[in-house]
Amino acid sequence: MGGLYSKLKDYYSTTVDYGYLKPQGIYRHNDSDMKIVKQLIRKGSLAPFYRGTTDIYSTKKISFETECPICFLFYPSNINKTRCCHKSICTECFLQFKRSSSSPLIPAVCPFCVQPNLGVVYLPPPWSKHYDKLKRSRPDLYTTKKIEPDDPNVIYVDTIRPKWEEMLDDASSSAVGSTRRRRVPLTNEIRRRRRRTDYDETIYDTSAELDLEDVLVMEAIRLSLTHTTN
């Protein structure tokens with residue numbers, strides 16, 4: 001009896017909404033701050049990790065019928081949604097996005113609509129213990145298709161990598177990666193504003209550009225989504 005209790009305790013301490021607190025092995029590399037990631041999952045601010053399936057699959061408790069457009073695996077419908085275009089994305093894929101070490105001044109962009117500062121929201125389903133609290137406090141999140149960048153419920157790529165500002169301080173003042181653009185000095189006031197609300201502004205003196213390879217990949221993803229919805 002004690003052994004069964006111990007197993008149940010271990011299970012419920014490492015699972016949230018029938019998902020897990022650690023990646024399930026899609027990618028070999030993950031350099032995000034897993035302590036922060038686990039805290040966000042436990043709070044219901046980020047979708048847990050699920051073992052995606054290659055086909056639509058249902059159990060008595062949950063159905064895997066929502067496809068992540070990045071890894072093409074099926075997950076429960078309650079996986080993360082991008083705040084800018086409301087596209088589904090699993091947590092394991094979301095953790096792969098980050099600022100480029102060669103161009104740290106350029107925020108990670110949404111792979112679907114190419115909006116700057118990729119961020120996601122987690123909308124707990126009705127059977128989740130986090131559902132009632134969010135539904136009462138923010139019912140609008142369940143109906144809107146686009147969430148403002150300064151919304152406190154949005155989890156950004158920079159949120160799970162709190163040391164991203166160190167990359168900015170270490171960046172070259174003469175050029176950043178392949179964009180070869182002049183860097184504007186990163187003052188304390190700019191840091192405060194970026195942390196507070198101004199997620200969509202750029203601190204380049206001209207608009208940032210993406211590498212051609214990145215543009216082609218994102219264009220291919222958008223085209224595949226267009227064909228799927230048509």
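Since the structure is predicted, the reported quantities are computational estimates derived from the model, not experimental observations.

Draft legend 1. Quick look at the nonpolar core. In this structure, Leu46, Tyr75 and Phe94 are the most contacted members of the largest nonpolar core, which totals 33 residues. Where this core is concerned, the elements lending two or more residues are α2 (34-43), β6 (74-75) and α3 (91-94). Looking at this core element by element, the count peaks at 4 residues for α2. Apart from residues lying up to four places away in sequence, phenylalanine 94 is in contact with Leu46, Ile89, Leu118, Val120, Ile155, Tyr156, Val157 and Ile160. One finds Val121, Leu123, Leu134 and Leu141 within the second-largest nonpolar core, a separate group that totals 7 residues.

Draft legend 2. Looking closely at a positive patch on the surface. On the surface, a cluster of positive charge is made up of Lys22, Lys38, Arg42, Arg51 and Lys129. Examined against the element boundaries, lysine 38 turns out to sit in helix α2.

Draft legend 3. The arrangement of the layout of surface pockets in detail. Each pocket or cavity is described by its volume, and for the second largest pocket that value is around 330 Å³. Counting only elements with at least two residues in the lining of the second largest pocket, the list comes to α2 and α4 (131-137). Top element by residues in the lining of the second largest pocket is α4. It accounts for 3 residues.

Draft legend 4. Spatial organisation of empty space enclosed by the protein. Inspection of every chain in the model, using the stated rule, returns 2 cavities of 30 Å³ or more. Within this model, the largest cavity holds a volume of roughly 40 Å³. Around the largest cavity sit Arg99, Pro107, Ala108, Asn117, Leu118, Tyr156, Val157 and Asp158, which together line it. Here the residues of the lining of the largest cavity are counted per class, giving 5 nonpolar, 1 polar and 2 charged. Roughly 30 Å³ of volume is contained in the second largest cavity. Residue lining of the second largest cavity: Ile26, Pro48, Phe49, Tyr50, Tyr75, Cys90, Thr91 and Glu92, and that is the complete set.

Conventions adopted
- Residues numbered from 1 in each chain as written.
- Predicted model: local features only at pLDDT ≥ 70, side-chain atom pairs only at ≥ 80, totals over all residues.
- Heavy atoms only, no water.
- Core = buried A, V, L, I, M, F, W, Y, C linked by side-chain atoms within 4.5 Å.
- Buried < 20%, exposed > 50% of the residue type's maximum accessible area, 1.4 Å probe, protein only.
- Helix = DSSP H or I, 4+ residues; strand = E, 2+ residues; numbered from the N terminus.
- Contact = heavy atoms within 4.5 Å.
- Patch = residues over 30% accessible without salt bridge, like charges linked within 9 Å, V, L, I, M, F, W, Y side chains within 5 Å.
- Areas by Shrake-Rupley, 256 points an atom, 1.4 Å probe, with all protein chains shown as cover.
- Salt bridge = Lys/Arg side-chain N within 4 Å of Asp/Glu carboxyl O.
- Lys, Arg positive; Asp, Glu negative; His and termini not counted.
- Charge placed at Lys NZ, Arg CZ, Asp CG, Glu CD.
- 1 Å grid on protein atoms, 1.4 Å probe; cavity = no way out; pocket = protein on both sides within 12 Å on 5 of 7 lines; lining within 4 Å.
- Points joined across faces, edges and corners; volume = space filled by probe spheres on them.
- Nonpolar A, V, L, I, M, F, W, Y, C, P; charged D, E, K, R; others polar.

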